[in-house]
Every structure is written in C-alpha cells, then in structure tokens.
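Coordinate inspection notes
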Amino acid sequence: MADKQRRKPGETREKLMNAALALVGKGRHFASLGIREVTRQAGVVPTSFYRHFRNMDDLGLQLVDELGLVLRKMMREARANVLQADKLIDESVGIFIAHARNNRSFFMFMAQGLAGESRAVQEGIRSEMRYFASELANDLRRLKLADHLSDADLDMTCDLVVRSVAFSLTDILVISPEDEYQEEQVRKRTARFLQLIFVGAANWKSHPD
C-alpha cells in the first residue's frame with residue numbers, strides 16, 4: 001500500500017495509456033477494450049482509472065492529444081529550414097513513416113480510430129488531421145509555393161495530402177518492422193502520390209466562387 005501511495009503524479013495515468021496501446025499492439029481493437037482489462041494490463045486497481053479518465057473514450061482522446069503533440073513537434077522541426085517543395089515532401093513522409101515504425105501501437109490505434117465505433121475518438125483523430133493540413137498550408141504560404149491558389153483550394157490540396165499520408169498507414173502497418181525494403185517502397189510510393197498532387201495543384205486555376 002505504501003508503494004502505491006508513493007507513485008509519482010501522472011505515473012498511473014501513463015501506465016493506463018501505455019497499457020491500452022500495448023493491448024492494441026497485441027491485436028486488440030481499442031473500441032473493444034474494457035476498463036478492467038486495461039487496468040489489469042497496467043497493474044493498477046480498477047477504481048484508479050476514474051481518477052484520470054471519465055471513460056475509455058476519454059483515454060482515447062488523451063492518447064490522440066498527447067502523442068499528436070509529439071508528432072507535430074517532430075514535423076515542425078524537420079520542416080523549419082526546408083526551402084524546396086520536393087524536400088518538404090521527402091522530409092515529412094520520411095518522418096511520418098519512421099514515427100509509425102517506432103510507435104507502431106499508437107498508429108494502429110489511429111488507424112482503428114479513423115473507422116472505429118467511438119465517434120469521440122474518430123473526431124479527435126480527424127481534428128489532428130485538420131491541424132496537420134493547416135500546418136502544411138502555412139508552410140506552402142511561407143515558401144510562396146501556392147500563391148496562385150485561393151485559400152479554399154489550398155486548404156483542399158492540403159487536406160488531400162494529409163488524407164493520402166494517413167491512408168498509407170494501411171500499407172505501413174502490414175509490413176514487418178524489419179523489412180526495410182518494403183518500408184522504403186512505401187515511402188517512395190507515398191512521396192510520389194504527394195508529388196502528383198502538387199503537380200496538379202501547380203497547374204490548377206482557382207476561380208472566384
């Protein structure tokens with residue numbers, strides 16, 4: 001009992017989040033997880049769950065928020081000094097795939113969540129995707145690579161880019177983590193998809209609504 005009382009603030013919360021991800025990594029669907037199963041995996045009593053989360057949807061949303069912050073930070077750092085569109089694409093795709101490889105359970109959770117039963121988690125993930133699209137639009141404006149596009153058309157272009165990258169998860173997650181060749185093929189194919197999107201955008205003529 002004394003050991004439990006000496007736990008650092010946030011330690012139990014982190015254990016619960018990691019437990020949920022571990023179960024997803026073992027093949028469980030997040031939407032099917034119960035509180036008792038997660039607390040058993042975390043090694044804590046079930047009542048402790050409610051000190052940190054209202055329910056499993058709340059845990060899922062906090063997973064999206066916390067790990068999404070890490071990914072956004074990585075993407076911003078990688079893009080900060082990129083001045084050419086082709087390098088922007090390569091940097092962003094490369095980091096996304098590396099992050100998916102190193103945080104496989106989280107990205108399995110995201111892939112499940114996009115088409116899952118929890119509307120709250122699904123909307124949380126879609127909110128992250130909209131944020132990524134907004135960040136990309138800001139990058140393109142900074143690089144003056146989309147001045148010919150209206151704001152609406154630029155937003156649509158960036159939304160298409162983010163959706164294409166997110167869809168690549170279906171390819172990444174079926175590859176063995178040790179299969180570097182297949183991973184490189186997915187990276188090249190995804191980058192090619194994005195290059196084609198930008199070629200189309202470069203030749204698009206925006207018209208007033």
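Residues numbered from 1 in each chain as written. Predicted model: local features only at pLDDT ≥ 70, side-chain atom pairs only at ≥ 80, totals over all residues. Heavy atoms only, no water.

Per an unreviewed UniProt entry, the protein goes by the name TetR family transcriptional regulator and belongs to Marinobacter azerbaijanicus.

Turning next to helix H10 (residues 180–202). The first and last C-alpha atoms of H10 sit 33 Å apart over 23 residues, in line with the 33 Å expected at 1.5 Å per residue. Every buried residue of H10 is accounted for by Glu-183, Val-186, Thr-190, Ala-191, Leu-194, Ile-197, Phe-198 and Ala-201. (Helix = DSSP H or I, 4+ residues; strand = E, 2+ residues; numbered from the N terminus. Expected span 1.5 Å × (residues − 1). Buried < 20%, exposed > 50% of the residue type's maximum accessible area, 1.4 Å probe, protein only.)

An α-helical segment advances 3.6 residues per turn. Residues three or four places apart therefore align on the same side. An ideal rise of 1.5 Å per residue puts 34 Å on 24 residues; helix H7 (residues 119–142) measures up with 34 Å between its terminal C-alpha atoms. Of all the residues in H7, the buried ones are Val-121, Gly-124, Ile-125, Glu-128, Met-129, Phe-132, Ala-133, Glu-135, Leu-136, Ala-137, Asp-139 and Leu-140. At the C-terminal side of H7, Lys-144 shows a positive phi close to 55 degrees.

Counting residues in hydrophobic clusters, the biggest one holds 61 residues, and the most contacted among them are Phe-30, Leu-59, Phe-107 and Phe-109. Among the elements that line this core, the one with the most residues is H7, at eight residues. Taken together, domain 1 (9–53) and domain 2 (64–202) each give at least three residues to this core, which thus spans both. When near neighbours in sequence (up to four residues on either side) are disregarded, Phe-30 contacts Ala-20, Val-24, Met-56, Leu-59, Gly-60, Leu-63, Phe-109, Gln-112 and Val-121. (Core = buried A, V, L, I, M, F, W, Y, C linked by side-chain atoms within 4.5 Å. Domains from an automatic or database assignment. Contact = heavy atoms within 4.5 Å.)

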